[in-house]
Protein chains: 2
Amino acid sequence: MTVVVNLLRFKLMIFSIVMLFIARDVQGNNLPSFEDGHRMWLRYETVKNIELLEQYKSRFASVVLNDNSGTMSAIKKELKIGLKGLLSIAPQFRRTIDRDGAILISTPESPALKTSLKKVLIKELKSVGNEGFILQKRSVNGYDTTIISANTDIGLLYGTFHLLRLMQTGKSLSRLNIKEFPEVQLRVANHWDNIDRSVERGYAGLSLWDWKTLPNYKDPRYTDYARLSSSVGINGVVINNVNANAEFITSRYLDRIATLANIFRPYGIKIYLSINFNSPQLLGNLNTADPLDEDVREWWRSKVQEIYNKIPDMGGFLVKADSEGQPGPNTYGRTHSDGANLLADALKPHGGIVMWRAFVYGEKQEDRIREAYDEFVPLDGEFNDNVILQVKKGPLDFMPMEPFSPLFGAMPNTNTMIEFQVTQEYLGNANHLLYKGKMYNKILMSDTYAHGKGTLVGDIISGKIFKYNLTGMAGVINPGTARNWTGHPFVQSSWYAFGRLAWNYQLDPDKIAREWIQMTFSNEEKVVEKIQKIMSISSEAAVNYREPLGLTHIGTGSHYGPAPWSKRSQIFHHADEVGIGFNRSTSGSSAVSQYHEPLASEFNNLSTIPEELLLWFHHVRWDYTMKSGNSLWEELVNHYHVGVNQVREMQELWDFLENEIDTERFNHVKSLLEIQERDAVRWRDACLLYFQSFSRKEIPKRYEQPKHSLQYYKSLKE
Amino acid sequence: MTVVVNLLRFKLMIFSIVMLFIARDVQGNNLPSFEDGHRMWLRYETVKNIELLEQYKSRFASVVLNDNSGTMSAIKKELKIGLKGLLSIAPQFRRTIDRDGAILISTPESPALKTSLKKVLIKELKSVGNEGFILQKRSVNGYDTTIISANTDIGLLYGTFHLLRLMQTGKSLSRLNIKEFPEVQLRVANHWDNIDRSVERGYAGLSLWDWKTLPNYKDPRYTDYARLSSSVGINGVVINNVNANAEFITSRYLDRIATLANIFRPYGIKIYLSINFNSPQLLGNLNTADPLDEDVREWWRSKVQEIYNKIPDMGGFLVKADSEGQPGPNTYGRTHSDGANLLADALKPHGGIVMWRAFVYGEKQEDRIREAYDEFVPLDGEFNDNVILQVKKGPLDFMPMEPFSPLFGAMPNTNTMIEFQVTQEYLGNANHLLYKGKMYNKILMSDTYAHGKGTLVGDIISGKIFKYNLTGMAGVINPGTARNWTGHPFVQSSWYAFGRLAWNYQLDPDKIAREWIQMTFSNEEKVVEKIQKIMSISSEAAVNYREPLGLTHIGTGSHYGPAPWSKRSQIFHHADEVGIGFNRSTSGSSAVSQYHEPLASEFNNLSTIPEELLLWFHHVRWDYTMKSGNSLWEELVNHYHVGVNQVREMQELWDFLENEIDTERFNHVKSLLEIQERDAVRWRDACLLYFQSFSRKEIPKRYEQPKHSLQYYKSLKE
C-alpha cells in the first residue's frame with residue numbers, strides 16, 4: 001500500500017517535473033521573444049500537425065551525405081537549422097544507409113552508392129542539368145529512403161531547400177517523386193547599392209555590405225542573405241548600383257568583394273559587378289573610354305584579369321550605358337554592341353558575361369518609350385554570345401501597369417533577359433502592402449505573337465523560341481539593414497515570388513503566395529486564406545488608387561505621392577479639356593507598331609484595346625463610353641474609389657488576424673495599412689481634383705467626396 | 001519485487017522525460033540562436049551560481065505593487081523580462097504581503113502600507129528627492145520583505161533596475177540597505193539625428209526614429225531604447241541634431257515626436273528638441289529672428305504653446321547658435337544671453353528649459369580654443385534661471401586628450417552642464433574598441449581650483465560649489481538601426497558609463513566597466529578580468545597611437561585616419577624644424593591664463609605641466625629632455641609604438657575569450673580588433689614619417705620600422 005502511494009507520488013513528481021520543463025521551455029528563453037521578421041521565409045516553425053510531424057520525423061531517422069565541399073557543409077547547416085525548428089530534432093548524420101527513414105543526399109558519383117542505383121540516377125538526372133535535382137522515395141539496400149540527387153552539389157542544395165519547403169508548407173512526404181530544374185540560367189538579384197551604403201530606391205536602411213568592416217568582419221548576415229537567396233534558386237547577385245561608382249573595381253574594394261564571394265560561393269551564388277563605362281579614364285588615367293581604342297581594350301583585359309585573380313568565378317558585369325547621364329559608347333560614336341562586346345571580349349577567357357541594359361532614353365524622341373526598341377532592334381545579331389540584353393519588363397520603367405516591352409520578341413539573334421523590380425519604387429516604398437507576384441506573372445504570360453499565337457514573354461526569355469545561349473531574369477531588390485530586410489514585411493513576398501518565377505516562370509502566382517504565407521506566417525488555413533486574399537487584392541488596389549486605366553508616371557519626384565500637376569506627369573497623361581491619355585496609336589507616336597500583329601492592331605483600336613491599357617495608348621474623350629456604360633470620367637472616378645475601398649478591405653481582412661499571428665508583425669502591418677489607406681485617399685483625391693479641372697465634371701454624390709482641397713494636396717511634398 | 005522494478009522504471013522514465021525536455025529546451029528554440037548584442041546590458045542571462053540563484057528565487061516569492069500608472073506597468077514588464085531571464089520564473093504579482101520573500105515596490109502613499117511603515121519610509125525618503133529610491137531588507141507584517149520605495153513611481157523604476165542590476169552582477173541580496181539619488185538633474189542623451197535619418201557622427205546605421213512610419217507605427221525598438229536609457233538613469237533625450245532642421249517643430253513632425261514622447265514618458269524620459277534659431281524666418285515668414293523683436297518673441301511663445309499642446313511635458317530646447325555656420329543672436333548684434341533668454345521666456349510658463357551650447361568659434365581668434373571662455377565669461381549672470389549652459393568637456397572639441405574646459409569654474413552665476421561624447425567621432429568610429437569611462441572620470445575628477453584646492457569639475461556641474469538651480473550632464477550618443485545599436489559592441493560600454501556617471505560622477509570607472517561586462521558578457525571571473533583589462537588599456541592606447549603628449553586634431557576630414565599634413569592639422573600641431581606643439585603659454589596665445597591659479601602657472605611652466613598635455617600648451621624643441629630622459633622626439637616615437645603594442649595586447653587578451661563567450665560577438669570584436677591594429681599602425685607610421693620630415697631624426701632601430709612610405713599613407717583617404 002505504501003508502495004502504491006509512492007507510485008502516486010512518483011506520478012505527481014513526474015508531472016511536476018514535466019510541467020517545470022514545459023514552463024521553462026516557454027519562459028526560460030531569454031532571447032528576444034519577438035517575431036521581428038528577420039528569418040523571412042526560412043522561419044522553420046515547429047510543425048503543428050501531429051500526424052505530419054510524426055511522418056516527417058520518421059523520414060529523418062538519419063541523413064546520409066558526404067560532407068566534402070562548402071556546399072555540402074551548407075546543406076548540413078541548413079538541415080540543422082531547419083530540423084531544429086520544424087521537428088525539434090538534431091539531424092543524425094551517417095555514412096551509410098542502415099535503417100528505414102534515411103535521407104540520402106548525393107550526386108551519382110558518390111562511392112556510397114551501389115552501381116545499380118548509380119546507373120538509375122545518372123539516367124534520371126540527364127534532363128535536369130547543372131542545377132536541377134530529383135527528390136524520390138525509394139528502397140535502398142532494402143531500407144525505405146528519401147533520395148535527393150543531382151549532378152552537382154548545388155543541385156543537392158536546391159533539393160534540400162525544396163524538401164524543407166515541403167515540410168514548411170505541410171506537404172506529405174510519403175509518395176515523393178519530384179524532378180525540378182530551372183527554366184532560365186541567370187537568376188540574378190540586382191542591388192542598387194552605393195559605395196556610401198545608401199541604396200537607390202531602397203527603403204530598408206543602409207546597404208547590407210559594410211565596406212568599412214570588410215574584408216575583416218564577416219557579418220553572419222551575409223550568410224543569411226546567401227541562404228535566403230539560394231533557397232529560392234537565385235544564383236547571381238549584382239552587388240552595386242547600375243549608376244556605378246568606378247571605385248568598386250579598385251583593388252581595395254575587390255578584396256572586400258572577394259570576401260563576399262567566398263561567403264556566397266557554397267550557396268551557388270556568383271557575384272556580378274555594375275561597372276562605369278568610363279573606368280579607363282576614371283581609374284586608368286587614359287584619355288578615352290572608346291570601346292575600339294586598343295589602350296582601352298587592353299585596360300579592360302588587364303582589369304578583368306585582376307578581378308579574376310581575386311574572384312576566380314566572378315559572374316561578369318552589368319552595364320547601364322548612355323542612359324540617364326551614365327557614360328557609354330555613344331560618346332565615341334560607337335554603338336551599344338561595340339560597348340558590350342568590348343567588355344565581353346575581356347570577360348570571355350574567364351567565362352564571364354555582360355548583362356547590358358536596354359533601359360536607355362535621352363529625350364531624343366517625343367515618346368520616350370519608343371527609344372529602347374528603336375535603338376536596339378537594328379543591333380540584333382551584333383552582340384557577342386556572352387552578352388545578354390537586360391530589358392525592363394515594360395517599355396517605360398517599373399510602372400504599376402504597363403504593357404510588356406516590345407523588345408521581347410523583337411531580338412531573335414540577341415540573348416535577352418527580363419528585369420523586374422521587387423523594391424517598391426513606384427508602389428509606396430516600404431509603407432504599402434503589395435504582392436507583385438501577379439504583376440510578374442501577367443508580363444511573363446503576355447503573348448508577344450513573335451512566332452504566332454502563344455509566344456509568351458516567358459517562352460522568349462527562357463530561350464524556347466529563339467534558342468538563346470544565355471537566358472535570365474533579374475530582380476531589383478531592396479534589402480537593407482532593417483531587421484526584417486525589406487522594411488514592409490510583405491516586400492519579402494515579391495522577393496520570394498521573383499525567385500520562384502525565375503526558377504519556373506509558369507508557376508501560379510497565387511500558389512507562390514500561399515507557399516510564402518505558410519512559410520512566413522502560418523499553416524493555419526484561416527490565416528493563409530485571409531492573407532492570400534489581401535495579397536491577391538493588393539496589386540489591383542494599387543493600380544486603381546494610383547494610376548488606373550493605363551495612366552502612368554504621375555507621382556512626385558520621389559515617386560511616393562501623387563503629382564499629376566507636375567511637368568513630368570503632364571508629359572505622360574496629356575490631360576486637357578478634351579480628354580486624357582497619351583496617343584501612341586498610328587495617329588500619334590505610333591508606339592503600337594513596335595508590337596507584332598495582331599497585337600499592334602488590337603492596341604491601336606479603341607474597341608479592342610484592353611481597358612487597363614486604354615490611356616497608355618490613346619488620348620480619350622472624357623465622355624467616351626466605356627464597356628461598363630460609364631463615361632471615361634465616371635470610370636476614372638470609380639477606379640480611384642474602388643482602389644481606396646480595396647485598401648480598406650485589406651485592413652478589415654488583416655484585423656481578423658489579431659491573435660492568430662504574432663503581435664509584433666500584426667501591429668506592424670496594421671500600422672502600415674493605416675498609412676496606406678491615408679495615402680490611397682491622397683492619391684484618389686489629388687488625382688481626381690486635378691483631372692476635374694480639365695474634365696469639369698462632378699464626382700457623383702454616391703462617392704466619398706475629397707477630404708482636402710487640391711491646394712492642400714499640392715502642398716504635400718514627399 | 002515487481003513494484004520495485006516498476007519504481008526503477010519510473011525513475012528511468014522520469015529521467016528520460018526530463019532529458020527530453022532539457023533537449024527540447026536546448027534545441028527546440030528556433031528563434032535566432034544568435035547573440036547579436038541587441039539586448040545590450042539588459043541581457044538578463046540565467047544566473048549560473050546555484051547558491052545565488054536559490055537566494056534570488058527566495059527573495060522573489062511574490063511582487064507586491066499597485067499597477068496604477070504607465071511607470072508601474074513598465075516596472076511589471078521589466079520584472080517579467082528580467083526574472084524570466086535571470087531566474088527562469090514568472091513573477092507572482094500580489095496585492096498584499098502574505099509570505100516571506102515578497103518584493104514590495106511602493107511609494108509611501110500606497111494604501112497597502114501600514115501607518116507605521118509609511119512614516120518610516122517618508123522619513124527615510126526625505127533626502128532622495130524625486131528620482132531617488134531606497135532598497136532595503138525589512139520585516140513587514142512579520143514577513144521577510146525586500147522593499148523598493150521612492151517618492152515617485154520613477155524612483156521605483158530606478159530602484160527596480162538597480163535591484164535587477166544587483167542580480168545581473170551576482171551581488172547578494174541578503175543584507176540590502178541602499179539609498180540612491182542622482183547627483184545631477186538633467187541626464188540627457190543627445191542624438192545628432194537628421195530629418196533624413198542620417199546621423200551626424202553616427203556610425204551605427206540610420207537614425208532610430210523612422211519619420212516615414214511615425215506616428216502610426218510604434219516600433220518596439222522605441223520602447224527598448226527607453227528601457228535601456230532608463231536603466232542607467234538617463235531622463236532626457238534630445239532627439240535631433242544640434243545643426244537643426246527647422247522642420248522638426250512643424251505640426252507634422254510634432255505629431256510624430258509626440259508619439260515618441262508617449263512611449264518614453266513611463267520611463268521617466270523627457271523629449272528635448274534642437275531648434276534652429278532662424279525658425280521664425282524659416283517657418284513663420286518673419287523677416288527677422290532678432291531675439292528682442294516683439295514679433296519674434298510672440299512667434300516663439302505661440303510655437304512653444306503649440307508644442308506643449310501636443311507634448312505637455314516637453315523638456316525644452318537645445319541650441320547651437322552662432323557656431324559653425326548655425327544662425328544665432330550675433331547676426332542681430334545681440335548676445336548669447338539675449339538669444340537664450342528669448343527662448344527661456346517662451347518656455348518658462350510650461351516648465352521648459354534651454355540648454356544653450358557654449359561650443360562657439362568663428363575664426364575670430366588665432367587660438368580657437370580661447371573663444372568660448374572669452375565670449376561667455378562676460379555674460380555670467382545674464383542668463384535666465386531656466387537656461388543652462390552646455391559646455392563640451394574640453395576647450396576644443398571631443399578630443400581623445402585635452403584639459404577640461406576652463407568654463408567649468410568660471411561661471412558662478414550661470415547654470416552650467418557638461419557635454420561628453422559617447423560616439424567615437426575622433427576615436428575610430430565604430431571600428432575601434434574604446435571604453436571612455438576613464439576619460440569621463442578624468443575630466444570630472446579634474447581640480448579646477450575655482451574655490452581653492454579640491455573644487456572638482458564634477459562638484460561644479462552638480463551644483464555643489466555655485467548652487468546652480470539646474471544641473472546636468474549630456475552625452476552625444478550614436479545609436480542607430482544597427483542590430484546591436486552602436487556598431488562596435490564596446491561603444492555600448494561608454495554609453496553605459498555616461499549614464500552611470502551622470503547619476504553619480506564619483507563612481508569608479510573601473511567598477512562601472514566591471515558591471516557592464518558582467519551584464520553584457522559574463523559573470524565568469526576570468527572573462528571579466530580579461531575584458532576589464534582590455535577596456536582599461538583601450539583609452540590610453542588610443543591616445544598613444546593617435547595623438548600622444550597633448551597633440552590634437554591631426555585627423556583626416558572624416559576624423560578617422562591620420563592627416564598631420566593637412567592644413568587644419570598644421571594649425572594645431574605647429575610642427576617645424578625647431579619642434580612641435582601649440583604655444584598657449586603666456587608667451588603665446590595665453591590660453592593658460594583662462595585657468596585658475598595654481599593651475600595656470602602649472603600649465604604655463606614646462607617643468608610642472610603634465611607631460612600628457614605638454615604639446616597642447618607648448619611648442620617644444622625636438623631635443624627637449626623629457627622626464628624619462630628621452631628626447632621629445634624619442635618620447636613621441638615611443639608613445640606611438642606603445643600605442644600599437646597596446647592594441648596588440650588587447651588582441652591577445654581578446655583571443656583568450658574564444659569559447660568563453662558566444663561565437664558571434666567573439667568573432668565580431670576579433671575582426672574589429674584586426675582593423676584597429678591596422679589603423680593604429682597607420683596612425684603611428686603616418687604621423688612619425690611626417691613629423692620626421694621636420695625633426696630629421698631617426699626612428700631608433702629597436703622599434704618596428706614603418707610598413708609603408710609617407711606617400712602611401714597620404715594616399716589613403718578615409
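Residues numbered from 1 in each chain as written. Chains lettered and ligands numbered in written order. Predicted model: local features only at pLDDT ≥ 70, side-chain atom pairs only at ≥ 80, totals over all residues. Heavy atoms only, no water.

For chain A, the name recorded in an unreviewed UniProt entry is Xylan alpha-1,2-glucuronidase, with Autumnicola tepida as its organism. For chain A, the Sequence similarities (unreviewed entry) comment in UniProt is given as "Belongs to the glycosyl hydrolase 67 family." Its UniProt record, at the heading Catalytic activity (unreviewed entry), says of chain A: "Hydrolysis of (1->2)-alpha-D-(4-O-methyl)glucuronosyl links in the main chain of hardwood xylans." (UniProt positions renumbered as here; feature names shortened; annotations may be inferred.)

## Side note on unusual backbone geometry
Residues and elements named next belong to chain B. Going from L214 to P215, the amide bond is cis rather than trans, its omega being 0°. If you trace the backbone, P215 turns up in the loop between β7 (186-191) and α6 (220-231). Following E597, the chain continues to P598 via a peptide bond in cis, the omega torsion being 10°. Relative to the elements of secondary structure, P598 occurs in the loop between β15 (579-580) and α18 (599-604). Not every positive phi belongs to a glycine, and S88 is a case in point at roughly 55°. Tracing the backbone shows S88 in the loop between α3 (70-86) and β2 (93-94). Assessed through its relative accessible area of 19%, S88 is described here as buried. (Helix = DSSP H or I, 4+ residues; strand = E, 2+ residues; numbered from the N terminus. Buried < 20%, exposed > 50% of the residue type's maximum accessible area, 1.4 Å probe, protein only.)

## Digging into the UniProt feature "domain: Glycosyl hydrolase family 67 C-terminal" (unreviewed entry) in chain A
The feature "domain: Glycosyl hydrolase family 67 C-terminal" (unreviewed entry), as given by UniProt, occupies residues 486-702 of chain A in the numbering adopted here. Each end of residues 486-702 of chain A is marked by a C-alpha atom, and these two atoms are 39 Å apart; helix forms 56% of the span and strand 2%.

## A closer look at the packing of aromatic side chains
Any two aromatic rings considered together are summarised by their centre-to-centre distance and by the angle between their planes. Per the stated rule, a full pass over the model turns up 68 aromatic pairs over all chains. Ring centres 5.1 Å apart and planes at 90° place the aromatic pair Y595 of chain B and F603 of chain B in the edge-to-face group. Here Y595 of chain B matches F603 of chain B in class, with each residue buried. Here a set of aromatic residues connected by ring pairs shows up, and it is made of W41, W209, Y222, Y225, F264, W495 and Y496 of chain A. Of note, K392 of chain A hangs over the ring of F359 of chain A, and the distance from its end group to the ring centre comes to 3.3 Å. (Phe/Tyr/Trp six-rings, centres within 6.5 Å; stacked < 30°, edge-to-face > 60°. Lys NZ or Arg CZ within 6 Å of the ring centre and 35° of its normal.)

## Details of the pairing of strand β10 (residues 316-319) of chain B
Residue and element names in this part refer to chain B. In the sheet, strand β9 (residues 270-274) pairs with β10 via three bridges, with the strands oriented parallel. Directly across from Y272, in β10, lies its bridge partner G316. Note that β10 and strand β11 (residues 353-357) share four bridges and pair parallel. Paired with F317 across the strands is V354, a residue of β11. In terms of handedness, the path from β10 via helix α10 (residues 336-347) over to β11 forms a crossover that is right-handed. (Pairing = 2+ DSSP bridges. Right-handed = clockwise from strand over helix to strand, strands pointing away.)

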